[in-house]
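A closer look at the structure
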Amino acid sequence: MSRNKLFIFLISLSLFALACNFGGLLNTPTPTAPPPTAPPTKVTTTQSGDMAGLLERLNGAPCEENPDFTCVTIPVPLNHFDAANTETINVAFAVSQATGERYGMFAQAFPGGPGGEGISSGGLGWFPDGILEHFDLVYFDQRGLGLSGELACPKAYAKDFSNYLNYDDSVGEEGYDTPAEQQDAIDEARTFVDSCVSEIGIDPARLVYYGTNQVAEDIESFRQLVGDDKFWLYGVSYGTSVAQIYAAAHADHLAGLILDGTIDLTLNGEEGALAQEKAFDEVLVATLKACDADESCAAELGGNALAAYDSLASKLAEKPIAYEYPLASGKKVKKKFTFSQLEFTASYQMYALGGRMLFLRALASANEGDMVPMARLLYQQATVDPAADEYLGDSTFSDTMFYSVNCTDDSYFSGTQEERIAQTFEAGQASNRTVPRLDGSVYTGLYCAYWPSAPKEFVTREPLTAAGVPTFVLNATLDPATPFAQGKAVFDRLDNGYHLYVEGGRHSIYGFGNECPDDYITNFMVNGQLPEQREIICEWDPSVISAYVPRMSANASEFDNPLDIFSAIETELSIEPEYYYNGFTEDTSFACPYGGAFTFGPSDAGESYSFTDCEYTQGFAITGAGSFNYDTRIFTLETKVSGDKAGALNYISNYNDGSITLTGEYGGETINLSQ
């Protein structure tokens, strides 16, 4: 079965794994690989810089978007590669200074995408005490993003993205298989680029200065200001492009390099896109097969999740599925779920183990004719307001710079503009016939054919060797966005490389609290300890999907007691898409499955909740308030219950010892239950 276009971004989902989750269902696999035992040989910088002095000289102040860090802005050359051009632009850096003896600077090429902001998404929670004690942590917003002079075309992107999500291919096969469809795609790409560049509002000739090669030199400018002869550099997802380009130019200034979710820069645009399509497909298939091996998941998807997915995809390929979407206001709005929406949702849910499990739950519901759970994942990941069908966007991610940097850095095919467009269609339709489920990434080439700063000549890059630099390549065999083979290829070419990878795993594996790879990185940076082996497998359990959480029973009569109902509600709340992926910056509301609404948001102590006639199982509606206290780790719901029976019940879940209690009155009886 062939497919239509699919925009698959290289966003690192690390950017939104920071959301607190009281249900404890974020992916935190337990590794079995031991930490390295080689004798310590501490690596230090050969020259100690003066970070404190620099921050003072530059009038550093707490970052507005991230007060744990001190922000400074420095002028850098607009074009680092033309000494005759004296024009400068400003780039913002954020620093959290070492709490103890300073070993040096640990810079984070953190943004995913390209397009992800570094400063607003950065944090201390990724790092153990040893790194926080001895290293100045540095994040930055690369030029054109966030605090470093935002370039944006939100109106043009919103229109183009909406067209994609609602695209209904009812002619021929899925994909651009007719001349009319191809011409429409060309017109859409040209219209988007023209509108976007106009909306950005700068001379199009300047866009070439926002490529990754300039970003890498901005890091070098900051290093020179700090005064460190050497420093440690971490890159994740697209950030591995930044880190590798820096290493290729300035290996002599690196004490260590860490690449997490690694891109092979020797691949051209279409090679990278087609490899990514295959990786997304492989992860989806592995996810569906893992469902069959999970007793609870298999029971809900009939023991053949692959067939369930293919059945849904086939229906959507024929025509969109009509459904009603419930809003928190109580209103229901008529919607149509398209094939494009399925591919988009499936792709985004493949980044992490927990997201894959949530997708399987939504697929189980869709298999029974209920599209709402799948739609809730869609609206959350697409950042679209379901009430108005308005694209809201992600305040920490620039869709504009995704296109600008991609199209500035890489060539998609060669020849004239017309020849490149023709080759894009040819590759896209060939991929439709060979990649059975998730594809379409290569169609980025249509947009790049029109982008003003796209290379006129075919782009090639030399393989990175990073001579003399201890380099860690962190990898996973089920990384959909940066395929395993790319990281392996980068490792194989390194002068002093170490390959730490997970059989299974997710996109990016560092900083989630797992001994492997985290302890290896800490032991290297803090103690100068390198692994005894060049390749190490990190064993995670689970490694493909988080343990499947069965969907809540539809009727209150199916539960043994009200305590079991509340326990099930707590679990459901913790994996609601709106909650699971939330950054807790403002109140958020959603409709409960059988009526009513639930609202959650930040509080001084952690999280606060309110709910009205919220019915998670028929015959048991709750109204009241609750909270989760981050310090005490206690979750509470104080409720009035209506439905099959009436009452007033207080539920307490203690995350310190795992106990749960329910007290009050229900159906005329006194309730005092605990587990």
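To start, this report covers the structure provided alongside it. Predicted model only: the values in this text are computed from it and were never measured.

**What to know about the overall build of the chain**
- Per the secondary structure count, the chain includes 19 helices and 24 strands.
- On the principal axes, the C-alpha backbone points of the chain span a range of 85 × 65 × 45 Å.
- Per-residue burial for the chain yields a buried fraction of 59% across its 675 residues.
- Here the contacts in the chain between residues at least 6 apart in sequence split such that 70% fall between residues at least 24 apart.
- For the chain, the accessible area works out to roughly 25,400 Å², and carbon and sulfur atoms hold 48% of it.
- For the chain, the distance from the average site of its 37 positive side-chain charges to the average site of its 93 negative ones is 4 Å.

**A closer look at the pattern of salt bridges**
- Throughout the structure, instances matching the rule amount to 17 salt bridges.
- Two residues, Arg 551 and Glu 368, come together in a salt bridge whose shortest N-O distance is 3.0 Å. Within this pair, whereas Arg 551 is found in the loop between β16 (540-541) and α18 (562-574), its partner Glu 368 is found in the loop between α11 (353-367) and α12 (372-382), the two being separated by 183 residues in sequence.
- Using a relative accessible area of 57% as the deciding quantity, one classes Glu 368 as exposed.
- Of the charged contacts, one joins Arg 376 and Glu 578 as a salt bridge, the two residues approaching to 2.6 Å between their closest N and O atoms. Taken as a pair, Arg 376 in helix α12 and Glu 578 in helix α19 (residues 577-580) lie far apart in primary sequence, 202 residues in all.
- We classify Glu 578 as buried; its relative accessible area is 9%.

**A word on the sheet that holds strand β5 (residues 104-109)**
- Taken in spatial order, the ten strands make up an open sheet running β2-β3-β4-β6-β5-β7-β8-β13-β14-β15, and their pairing is mixed. Only two strands of the sheet have a single neighbouring strand rather than two, namely β2 (61-63) and β15 (535-538). Put simply, the sheet's adjacent strands are angled 25° from each other on average, direction ignored.
- Pairing geometry for β5 and strand β7 (residues 231-236), over four bridges, is parallel. Across the sheet, residue Gln 108 finds its bridge partner in β7, namely Tyr 234.
- Relative to strand β3 (residues 66-77), helix α5 (residues 212-226) is tilted by about 105°, and along the sheet it contacts β3, β4 (88-96), β5, β6 (135-141) and β7.
- Against the sheet, helix α6 (residues 239-250) makes contact with β5, β6, β7 and β8 (254-260), and its axis sits at roughly 150° relative to β8, the strand it touches most.

**Concerning α11**
- Over its 15 residues, α11 extends 21 Å from the first C-alpha to the last, a length consistent with the 21 Å expected when each residue adds 1.5 Å.
- Most of α11 is tucked away, with 14 of its 15 residues classed as buried.
- Within two residues after α11, Gly 369 carries a phi angle of roughly 95°, on the positive side.

Conventions we followed
Residues numbered from 1 in each chain as written. Predicted model: local features only at pLDDT ≥ 70, side-chain atom pairs only at ≥ 80, totals over all residues. Heavy atoms only, no water. Helix = DSSP H or I, 4+ residues; strand = E, 2+ residues; numbered from the N terminus. Buried < 20%, exposed > 50% of the residue type's maximum accessible area, 1.4 Å probe, protein only. Contact = heavy atoms within 4.5 Å. Areas by Shrake-Rupley, 256 points an atom, 1.4 Å probe, with all protein chains shown as cover. Lys, Arg positive; Asp, Glu negative; His and termini not counted. Charge placed at Lys NZ, Arg CZ, Asp CG, Glu CD. Salt bridge = Lys/Arg side-chain N within 4 Å of Asp/Glu carboxyl O. Pairing = 2+ DSSP bridges. Axes fitted to C-alpha atoms, helices over the stretch in contact; angles between N-to-C directions. Expected span 1.5 Å × (residues − 1).

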